[in-house]
Amino acid sequence: MQRSDTTTDNSPTSDFVTSDEFDLVNSRLLEIDGLNERQLIRLEHELSQFEDWMLSKGKDPDRKKALAEDTANDYIFRIQQFLIFAWANSKQISTRIDSRYADIFVEALDNDDITKNDGESYAESAKRKLVNAVKKWFMWRHDISGSEPWEPEVVFSQSHHNSASSFTKLERTLLRE
């Protein structure tokens, strides 16, 4: 995204919108056609408010329990993928996103229509994390504006892995006796 101005001596100058100007907006958003500097500033403001909310009460808004900073940063990164998807599907750039686009996003994840940069499908656990970010976004919107809460129709599971112990808690107790 480039903005060119002409100085009084008619020599062109160029100002680029760079990721250095925005703390929260990731570089993929800077590449979106039609996203102007004013919209980027508004988006940065929205993401900053979302981050502040997560760091003050994002884990449990009713009890004012905060999320860890790393967790909030992960949500900020992931929500931007959803915003890009919603904008592409709505043909409108806005942070006020209808929950139907969240449903379409989850369906696209479930059908593997949304893939990683290398074209590979996301693992179930990655899909779950993306959906959790969208849930958190709608939780925030609900908390600050009273908008409708959103719950996905599809729930992605945590990837299962072998634990250090293949014994159940009861079996471990019996073994110790």
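Everything below is about the structure shown above.
As a starting point, this report considers the structure included with it. Bear in mind the structure is a predicted one, so any value in this text is a computation, not a measurement. (Residues numbered from 1 in each chain as written. Predicted model: local features only at pLDDT ≥ 70, side-chain atom pairs only at ≥ 80, totals over all residues. Heavy atoms only, no water.)

Quick look at unusual backbone geometry now. Positive phi, close to 55 degrees, is recorded for Lys64, a residue that is not glycine. You can call Lys64 exposed: its relative accessible area is 58%. One non-glycine residue, Asp112, lies in positive phi territory at about 60 degrees. A relative accessible area of 31% places Asp112 in the partly exposed class. (Buried < 20%, exposed > 50% of the residue type's maximum accessible area, 1.4 Å probe, protein only.)

Taken together, Glu107, Asp110, Asp113, Glu124 and Glu153 make up a surface patch of like negative charges. Within the secondary structure, Asp113 is located in the loop between α4 (99-110) and α5 (124-145). Judged by relative accessible area, which is 57%, Asp113 ranks as exposed. (Patch = residues over 30% accessible without salt bridge, like charges linked within 9 Å, V, L, I, M, F, W, Y side chains within 5 Å. Areas by Shrake-Rupley, 256 points an atom, 1.4 Å probe, with all protein chains shown as cover. Salt bridge = Lys/Arg side-chain N within 4 Å of Asp/Glu carboxyl O. Lys, Arg positive; Asp, Glu negative; His and termini not counted. Charge placed at Lys NZ, Arg CZ, Asp CG, Glu CD. Helix = DSSP H or I, 4+ residues; strand = E, 2+ residues; numbered from the N terminus.)

This paragraph deals with the environment of Asp62. By secondary structure assignment, the location of Asp62 is in the loop between α2 (37-57) and α3 (69-90). With 81 residues separating them along the chain, Asp62 and Asp143 place their C-alpha atoms 9.2 Å apart.

Let's shift gears to the packing of α2 against α3. Orientation of α2 relative to α3, taken along the N-to-C sense of each, is 140 degrees, at an axis distance of 10 Å. Taken as axis vectors, α2 and α3 run oblique relative to one another. Relative to α3, the crossing made by α2 is right-handed. For the pair α2 and α3, the contacting residues are Leu43, Leu47, Phe50, Glu51, Met54 and Leu55 in the first and Glu69, Ala72, Asn73, Tyr75, Ile76, Ile79, Gln80, Leu83 and Trp87 in the second. For the contact of α2 with α3, the class distribution of residues is 11 nonpolar, 2 polar and 2 charged. (Axes fitted to C-alpha atoms, helices over the stretch in contact; angles between N-to-C directions. Parallel < 35°, antiparallel > 145°, perpendicular 65-115°, else oblique. Left-handed = near helix turned anticlockwise from the far one by under 90°. Contact = heavy atoms within 4.5 Å. Nonpolar A, V, L, I, M, F, W, Y, C, P; charged D, E, K, R; others polar.)

Okay, the side chain of Arg141 next. Tracing the sequence through the fold places Arg141 in helix α5. Of the residues examined, Arg141 reaches a relative accessible area of 9% and is grouped as buried. Residue contacts for Arg141: discarding those within four places in its chain leaves Glu46, Arg96, Gly146 and Ser147.

Turning next to the pattern of salt bridges. Oppositely charged side chains may form a pair once their charged atoms are brought near each other. Summed over the entire model, instances satisfying the criterion amount to 7 salt bridges. A salt bridge links Arg42 to Glu46, with the shortest nitrogen-to-oxygen separation between them at 2.6 Å. Pair noted here: Arg42 and Glu46 are both in helix α2, with a separation of 4 residues, about one helical turn. Its relative accessible area of 1% is what places Glu46 among the buried residues. It is possible to trace a salt-bridge network through shared partners that takes in Arg42, Glu46, Arg96 and Arg141.

Our next topic: the packing of aromatic side chains. Counted by the stated rule, this structure contains 7 aromatic pairs. Geometrically, the ring pair formed by Phe85 and Phe105 is edge-to-face, given 5.3 Å between the ring centres and 65 degrees between the ring planes. With Phe85 in helix α3 and Phe105 in helix α4, the pair connects residues that are 20 residues apart, well separated along the chain. Taking the relative accessible area as the measure of exposure, Phe85 reaches 15% and is therefore buried. (Phe/Tyr/Trp six-rings, centres within 6.5 Å; stacked < 30°, edge-to-face > 60°.)

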